[in-house]
Amino acid sequence: MFDWNDLKYFLAVARHGSTIAAGKALGISQSTVHRRLEELERKIGQALVTRQASGYRLTEYGTTLQPFAERIEAAVEDFSRRATDIEQDMKGVIRVTCPEPIIARMTQSGLIERFHPRHPHLRVEFVTSDRYLDLSKGEVDVAFRSGDTDDELIGRKIADSIWAVYASKAYVERHGRPERVEDLPRHPLVGFDESLANHRAAKWLKEVAPDGKMSVRSNSVLGLVSAVKSGAGIGPLPTALGDAEPELVRVLGPVPELARSWRLLTHPDIRRVPRIAAFFDYIVEQREALKSILTG
């Protein structure tokens, strides 16, 4: 098999008419062009050029092969440009959004820290908000989410989102604990405020305890955790957060109606962008580590 790299010497001679001119165009010596062209002819087994006093002319066989060599040249140039584009795209920031409590757990676990040595020119940046950030508008690149998601987004399931009902140890000592869901209305409850009325936990609590008395309403999961820890009442929490608090105990659950899947999501337009693909591949690889972070 001939050396594909030798095709550039053949094309340079075809275009410039001499090994001297071809060498100048390629930035190499005339002798190198001459030697590589002869080697190409030897490997192919036929002459590609004829040597004349005025320079070189392609043989009939060389003329036949020239357009095929040019197609290879163009393909190599396309390949080189694409490889450069990918290299450039493997630099910069990957903007990731997830619930605030999860950021601390990911950071403490070293999960993100272990990503950076693999891709030293990429940096993960967490973006938080009290609303769902819009991936289709480019507000972020990637999202960790549980529950209902936009059908336009694509992603992978990476863990289960499990919720249970918690109380503080001090609360249980003073007021006891519910034995079943039907007992919830007898206890002061902690839940989301009206801004999160459509959250599954808010809907469930309203359904099972429509006459329950709310002692604390919050617009964040962290607010729920703090309120339950304070002993103000009992309420549903993600098991990843509730189980991590030594002052809290599960009093009911897990609650099947609140179970969902944690998914890693992005917009289909950027899913195959190399830096996004690299992050996806890494997170999928780390699913076992994520279970303790996201599920508890």
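Preceding block: the structure.
Residues numbered from 1 in each chain as written. Predicted model: local features only at pLDDT ≥ 70, side-chain atom pairs only at ≥ 80, totals over all residues. Heavy atoms only, no water.

Asker: Explain the packing of aromatic side chains to me, please; I cannot follow it from the model alone.
Answerer: Centre-to-centre distance and the angle between the planes together describe a pair of aromatic rings. Summed over all chains, the structure comprises three aromatic pairs. Ring geometry for Phe115 against Tyr282: centres 5.3 Å apart, planes inclined by 55°, an arrangement best described as tilted. Here the residue Phe115 occupies a position in helix H6 (residues 111–115), and Tyr282 occupies one in helix H11 (residues 274–285), the gap between them amounting to 167 residues. Take Phe115: its relative accessible area is 0%, and that puts it in the buried class. In this structure Tyr282 comes out as buried when scored by relative accessible area, which is 2%. Centroid distance Phe144 to Phe279: 6.5 Å. Interplanar angle 85°. Geometry classified as edge-to-face. With Phe144 in strand S5 (residues 142–146) and Phe279 in helix H11, this residue pair connects regions lying 135 residues apart in the sequence. There is no split in this pair, since Phe144 and Phe279 are both buried. In this structure an aromatic cluster arises from ring pairing among Phe115, Phe144, Phe279 and Tyr282. The side chain of Arg271 reaches across the aromatic face of Phe280, ending 4.1 Å from its centre. (Phe/Tyr/Trp six-rings, centres within 6.5 Å; stacked < 30°, edge-to-face > 60°. Helix = DSSP H or I, 4+ residues; strand = E, 2+ residues; numbered from the N terminus. Buried < 20%, exposed > 50% of the residue type's maximum accessible area, 1.4 Å probe, protein only. Lys NZ or Arg CZ within 6 Å of the ring centre and 35° of its normal.)

Asker: Please clarify how the sheet that holds strand S12 (residues 260–266) should be interpreted in this entry.
Answerer: Judged by pairing direction, the sheet is mixed, and its five strands sit side by side in the order S4-S3-S5-S12-S6 without closing on themselves. Only two strands of the sheet have a single neighbouring strand rather than two, namely strand S4 (122–126) and strand S6 (154–161). Across this sheet, the average inter-strand angle for adjacent strands is 20°, counted without regard to direction. By the bridge criterion, seven bridges tie S6 to S12 in an arrangement that is antiparallel. Looking at S12, one finds that Gly155 is bridged to Leu265. (Pairing = 2+ DSSP bridges. Axes fitted to C-alpha atoms, helices over the stretch in contact; angles between N-to-C directions.)

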